[in-house]
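One-letter residues, chain by chain:
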Amino acid sequence: MNLALVGFMGVGKTEVGRILAERLGLAFLDIDSEVEKRAGKPIPSIFEEDGEQAFRLLERSVTREASTLDGLVISCGGGTILNPENLRDLRRNSIIILLRADPEIIIERLRGKEGSRPLLRGGDAADRIRRLYMQRLDSYLESADVEVDTSRYTPEEAADEIIRLLGEIPYEGHHR
Ligand code: S3P
């Protein structure tokens, strides 16, 4: 069984994932970092030089492989579960944990970091965040076994809350 952290950019998937892995004694796998390792370049360069489609294919193969492993905390990219094949693979052996935050808080958190997020480049980043957030919200909510609003939490507090919530879900509920 794995724990997969999903949700919009800027909700803390990577930071909370690391803390969670450490606290639970699980290995940590960050899908974006694995994609970068495979491509041999950072995500913005993949988008620029090879296009979003190439990024999504790499993300797809990393997700497929990650979902065959066990005992991991997997931090997904913001778009990972929007591909139904990725979601299906993850659901086989992962509890899907949705990290949420108010879009206005996401805008604050991502201010100045747009350069590392190709989907927010060019034009008004705040506007793009609001629009993408609305487009994606239903998919995120539908994917989730467990939901945590990180708007007012530090990453440590979010990890504490996840551990508390995990204690509440019945094991049978993990199987689909
Ligand atoms: C993306 C989110 C990014 C990264 C890529 C695309 C998305 O991950 O995978 O830039 O589609 O939302 P983070 O959520 O870690 O920023």
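As the structure is a computational prediction, the values presented were derived from the model and not from experiment.

Enquirer: Help me understand the overall build of the chain in this model?
Expert: A count of helical and extended segments in the chain gives 8 helices and 5 strands. For a compact globule of 176 residues, the expected C-alpha radius of gyration is about 16 Å, and the chain comes in at 15 Å, within 12% of that figure. With respect to the three principal axes, the spread of C-alpha positions in the chain is 45 × 35 × 30 Å. Every one of the 176 residues in the chain was classed for burial, and the buried ones make up 46%. When contacts within the chain are restricted to residue pairs at least 6 apart in sequence, those whose partners lie at least 24 apart make up 73%.

Enquirer: Which parts of the structure should I look at to understand the pattern of salt bridges?
Expert: Pairing between side chains becomes possible if they bear opposite charge and their charged atoms approach one another. All chains considered together, the criterion is met by 19 salt bridges. With a shortest N-O distance of 3.0 Å, Arg56 and Glu59 are connected by a salt bridge. With Arg56 and Glu59 both in helix α4 (residues 52-66) and 3 residues apart, this pair spans about one turn of that helix. A relative accessible area of 2% means that Glu59 is categorised as buried. Between Asp89 and Arg88 there is a salt bridge; the shortest N-O distance is 3.3 Å.

Enquirer: Can you walk me through the packing of aromatic side chains in this structure?
Expert: For any pair of aromatic rings, the description rests on two quantities: the centre-to-centre distance and the angle between the ring planes. Taken as a whole and assessed by the stated rule, the structure comprises 2 aromatic pairs. Ring centres 5.9 Å apart and planes at 65° place the aromatic pair Phe8 and Tyr133 in the edge-to-face group. Placement of Phe8 in the loop between β1 (2-6) and α1 (13-24) and of Tyr133 in helix α7 (residues 125-143) is noted, with a sequence separation of 125 residues between them.

Enquirer: What exactly am I supposed to notice about the sheet that holds strand β4 (residues 94-100) here?
Expert: What holds strands together in a sheet is hydrogen bonding between their backbones, with the strands either parallel or antiparallel. As summarised here, the arrangement of the 5 strands in space is β2-β3-β1-β4-β5, forming an open sheet in which the pairing is parallel. Only two strands of the sheet have a single partner each, and these edge strands are β2 (27-30) and β5 (146-149). With direction set aside, neighbouring strand axes in the sheet form an average angle of 20°. Relative to the sheet, helix α2 (residues 31-39) contacts β2 and β3 (72-75), its axis offset from that of β2 by approximately 65°. Running at roughly 120° to β4, helix α5 (residues 84-93) makes contact with β1, β3 and β4 of the sheet.

Enquirer: Even after reading the chapter, I still don't get the nonpolar core, so can you show me in this structure?
Expert: General note: in soluble globular proteins, nonpolar side chains tend to be found buried as a group. Within the largest apolar cluster, 50 residues are counted, with the highest numbers of intra-cluster contacts made by Leu5, Phe8, Ile74, Ile97, Leu99, Ile106 and Ile162. Tallying contributions element by element places α7 first for this core, with 6 residues. Contact partners of Ile74, with chain neighbours within four places excluded, come to Asn2, Leu3, Ala4, Leu5, Leu29, Ile31, Ala66, Leu90 and Ser94.

Reading guide: rules and limits
Residues numbered from 1 in each chain as written. Predicted model: local features only at pLDDT ≥ 70, side-chain atom pairs only at ≥ 80, totals over all residues. Heavy atoms only, no water. Helix = DSSP H or I, 4+ residues; strand = E, 2+ residues; numbered from the N terminus. Rg over C-alpha atoms; globule rule 2.2 N^0.38 Å. Buried < 20%, exposed > 50% of the residue type's maximum accessible area, 1.4 Å probe, protein only. Contact = heavy atoms within 4.5 Å. Salt bridge = Lys/Arg side-chain N within 4 Å of Asp/Glu carboxyl O. Phe/Tyr/Trp six-rings, centres within 6.5 Å; stacked < 30°, edge-to-face > 60°. Pairing = 2+ DSSP bridges. Axes fitted to C-alpha atoms, helices over the stretch in contact; angles between N-to-C directions. Core = buried A, V, L, I, M, F, W, Y, C linked by side-chain atoms within 4.5 Å.

No statement about biological role is implied by the geometric values presented.
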